[in-house]
Amino acid sequence: NAGVTQTPKFRILKIGQSMTLQCTQDMNHNYMYWYRQDPGMGLKLIYYSVGAGITDKGEVPNGYNVSRSTTEDFPLRLELAAPSQTSVYFCAIRAGGQETQYFGPGTRLLVL
Amino acid sequence: GEDVEQSLFLSVREGDSSVINCTYTDSSSTYLYWYKQEPGAGLQLLTYIFSNMDMKQDQRLTVLLNKKDKHLSLRIADTQTGDSAIYFCAERPYDRGSTLGRLYFGRGTQLTVWP
């Protein structure tokens, strides 16, 4: 998975609980992305970052927060989990000036 | 948002060729991609094509781009059971003033290869 690590692999949350999905890269790439993949659907962009200290919203940011204090880490925070956030979450990276995004293995989240 | 459409299912016999089709709506797309997703795994980049190209070949994979019709296809020659997976088409529109490189994905085509 091109130097992208995601933890945990799988998690079950109760409604209203919070958690942080971790994404770490060892490629020193500037760009990092969080996507969610709902069953039978393509990926939707949640948040992205163009470098340490810089983040911005994607298509579906509601219910999530991110931070980027280092180049390596881009955690995604769910504050009040809802069943609609049941999904598979993918982190991706891209080097500046390059055309391709490389994806991590994903975190499967179930909110009950 | 941009729309990327794919048929949802394709079944082929082992050894035959597979052709997975995709249509997109944004004429400013700069790059178009094919990703493969095996069960329980992340997305693996298979290949991509720049919008000023008509065709790209990489071993068993051939990508054809018809920019006029906004149609992209992926042909897999001599399809094997190990090719069974979901294949996602994605486009990268031109973002004036932005280097984000945002991708828009289709829903994926489930390819099943029968022995």
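Thresholds applied
- Residues numbered from 1 in each chain as written.
- Chains lettered and ligands numbered in written order.
- Predicted model: local features only at pLDDT ≥ 70, side-chain atom pairs only at ≥ 80, totals over all residues.
- Heavy atoms only, no water.
- Disulfide = S-S within 2.5 Å.
- Helix = DSSP H or I, 4+ residues; strand = E, 2+ residues; numbered from the N terminus.
- Buried < 20%, exposed > 50% of the residue type's maximum accessible area, 1.4 Å probe, protein only.

Observations concerning the state of the cysteines
Within the structure shown, the criterion is met by 2 disulfides over all chains. The disulfide partner of A:Cys23 is A:Cys91, and the S-S distance across this bridge is 1.9 Å. Note on the A:Cys23 and A:Cys91 pair: the S-S dihedral is about -70°, so by sign convention the disulfide is left-handed. Placement of the pair is A:Cys23 in strand E3 (residues 19-25) and A:Cys91 in strand E9 (residues 87-94), with a sequence separation of 68 residues. Each of the two residues, A:Cys23 as well as A:Cys91, counts as buried. Sulfur-sulfur distance for the disulfide between B:Cys22 and B:Cys89 comes to 2.0 Å. The sign of the S-S torsion, about -65°, decides the handedness of the disulfide formed by B:Cys22 and B:Cys89: left-handed. Highlighted residues: B:Cys22 in strand E3 (residues 18-24) and B:Cys89 in strand E9 (residues 85-92), separated in sequence by 67 residues. Note on accessibility: B:Cys22 and B:Cys89 belong to one class, buried.

By themselves, these observations are geometric and do not establish any function.
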